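Single-letter residue listing:
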Amino acid sequence: MQPTDPRTQIKHRLDSLVAAGVEFLPASSPVAIRSETLPETIPPPAALLHEPAPTSSTPPVDSRKSLALLANDVASCNKCPELFSTRTQTVFGVGNPTPEIVFVGEAPGGDEDRQGEPFVGKAGQLLNRIIEKAGLTRDEIYICNVLKCRPPNNRKPHADECRNCRPFLDRQIELLAPKVILCLGGVAANNLLGNTTGITKLRGQLYDYNGVPLVCTYHPSYLLRAEGTPDERKLKFECWDDVKLMLKQVGRTVPG
Ligand code: SF4
């Protein structure tokens, strides 16, 4: 449930922005985010209150500022009344703001809604193993979802909710400018490709999303549900083939 206490709302909003990788807020952001306007019982995340000194690995400020502004817009979005009234916080995305690879999933679940970060539950643990096997780390890629708010009881996102959230996703990917996108599951694949084809038919091939190569594979939750069934091995091998196809797009050595 969206907290009614303004102090809790501010804290969730700050936590959500920090989880989204926002390190500072542009000057044009609402002043309520500044330390002197916060209720004194809430220590503001220090990282949000100043702009870090640039380093050689610091991404372009405009891109980071734009992502910060976008995450701020998402945190105050109420376009989907049911999701707005039941979410704990928005889940914008996490990872490298200038990634080669972006993973796009479906929507936050309960753990993600509580922590403000995508893929932190059981499915996230399986995703972490896939990322590690691929020779990658969560810090070097970027992970987000089609929906930035949790659907109640983890139901499937409604079509109008996906439509409402789509401009945020499109802008997010535009700012991230990845070299390849990996869609995790049918909802992400159908949304970005604009079709209704099943994931088993979509996977294993390369697509184009606004000039960015796109690969589709199974959602980690689907792989978890297949564990202990006769399909488990086949599905996991197919997922691994998709990951290798994704890695090839960025010239990465494909692990054996
Ligand atoms: S799902 Fe997206 S469009 Fe809907 S309320 Fe959340 S942020 Fe807004």
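Residues numbered from 1 in each chain as written. Predicted model: local features only at pLDDT ≥ 70, side-chain atom pairs only at ≥ 80, totals over all residues.

(A) Representation of the overall build of the protein within the structure. Secondary structure summary: the protein contains ten helices and six strands in total. Taking the contacts inside the protein whose residues are at least 6 apart along the sequence as the reference set, 75% of them involve residues at least 24 apart. (Helix = DSSP H or I, 4+ residues; strand = E, 2+ residues; numbered from the N terminus. Contact = placed C-beta atoms within 7 Å.)

(B) Spatial organisation of the site of the ligand. Taken together, 15 residues form the shell around the ligand, and within it Cys 77, Cys 80, Cys 149, Asn 164 and Cys 165 come nearest. For the shell around the ligand, the secondary-structure elements that each account for two or more residues are helix H3 (81–86) and helix H6 (159–176). Its residues assigned to classes, the shell around the ligand comprises nine nonpolar, three polar and three charged. (Near = placed C-beta within 6 Å. Nonpolar A, V, L, I, M, F, W, Y, C, P; charged D, E, K, R; others polar.)

(C) Up close: helix H5 (residues 122–133). The end-to-end C-alpha distance of H5, which contains twelve residues, comes to 17 Å, matching closely the 16 Å that a straight helix rising 1.5 Å per residue would cover. Considering only its buried residues, H5 is in contact with helix H9 (220–226) and helix H10 (232–249). In the stretch just after H5, Gly 135 is the one whose phi turns positive, near 80 degrees. (Expected span 1.5 Å × (residues − 1).)

(D) Here's a closer look at the sheet that holds strand S1 (residues 94–95). Overall, mixed pairing links the six strands, which are arranged S1-S3-S2-S4-S6-S5 in an open sheet. Two strands in the sheet have a free side with no partner beyond their single neighbour: S1 and strand S5 (206–209). (Pairing = 2+ DSSP bridges.)

(E) Geometry of H6. The end-to-end C-alpha distance of H6, which contains 18 residues, comes to 25 Å, matching closely the 26 Å that a straight helix rising 1.5 Å per residue would cover. Cys 165 marks the point of greatest bend in H6, at about 40 degrees, and the proline Pro 167 comes within the next four residues. Of the positions making up H6, those classed as buried are Glu 161, Cys 162, Cys 165, Phe 168, Leu 169, Gln 172, Ile 173 and Leu 176. One or two positions beyond H6, positive phi appears at Ala 177, with a value near 45 degrees. (Bend = angle between axes of the 7 residues up to and from the residue. Buried ≥ 20, exposed ≤ 12 C-beta atoms within 10 Å, placed from the backbone.)

(F) Representation of unusual backbone geometry. In this model, Phe 119 sits at a positive phi of 55 degrees, which is unusual for a non-glycine residue. Its location among the elements puts Phe 119 in the loop between helix H4 (110–115) and H5. C-beta crowding within 10 Å serves as the criterion here: with 27 such atoms nearby, Phe 119 is assigned to the buried category. A positive phi angle is found at Ala 177, which is not glycine, with a value near 45 degrees. Assignment of secondary structure puts Ala 177 in the loop between H6 and strand S4 (180–184). Given 14 C-beta atoms within a 10 Å radius, Ala 177 is considered partly exposed.

(G) Highlighting the pairing of strand S6 (residues 212–217). Here S4 pairs with S6 via four bridges, running parallel. Its bridge partner lying in S6, Ile 181 is registered against Leu 214. Sheet analysis places S5 next to S6, joined by four bridges and oriented antiparallel. Counted as the bridge partner of Tyr 209 is Val 212 from S6.

(H) Broad picture of the environment of Ile 143. Looking at the secondary structure, you find Ile 143 in strand S3 (residues 142–145). Counting along the chain gives 41 residues from Ile 143 to Val 102, while the straight-line C-alpha distance between them is 5.8 Å. For Ile 143, the contacting residues outside a window of four places in its chain are Gly 93, Val 94, Gly 95, Phe 103, Pro 118, Phe 119 and Arg 138.

(I) Region of the structure containing the pairing of S3. Here S3 shows no split at all, with Tyr 142 and Cys 144 on one side and Ile 143 and Asn 145 on the other all buried. Sheet topology note: the S1/S3 ladder contains two bridges and is antiparallel. Along S3, the bridge assignment pairs Gly 95 with Tyr 142.

(J) Examining the confidence of the model for the protein more closely. Taken residue by residue, the protein gives an average pLDDT of 86. The fraction at 70 or more is 76%. pLDDT under 50 marks residues 28–57. Its contacts with residues more than four places away, or in other chains, come to 31 contacts. (pLDDT = per-residue confidence, 0-100.)

(K) Region of interest: the environment of Gly 135. Considering the arrangement of structural elements, one finds Gly 135 in the loop between H5 and S3. A C-alpha to C-alpha distance of 8.3 Å links Gly 135 and Val 254, two positions 119 residues apart in sequence. Gly 135 has contacts with Arg 252 and Pro 255, leaving out every residue within four places of it along the chain.

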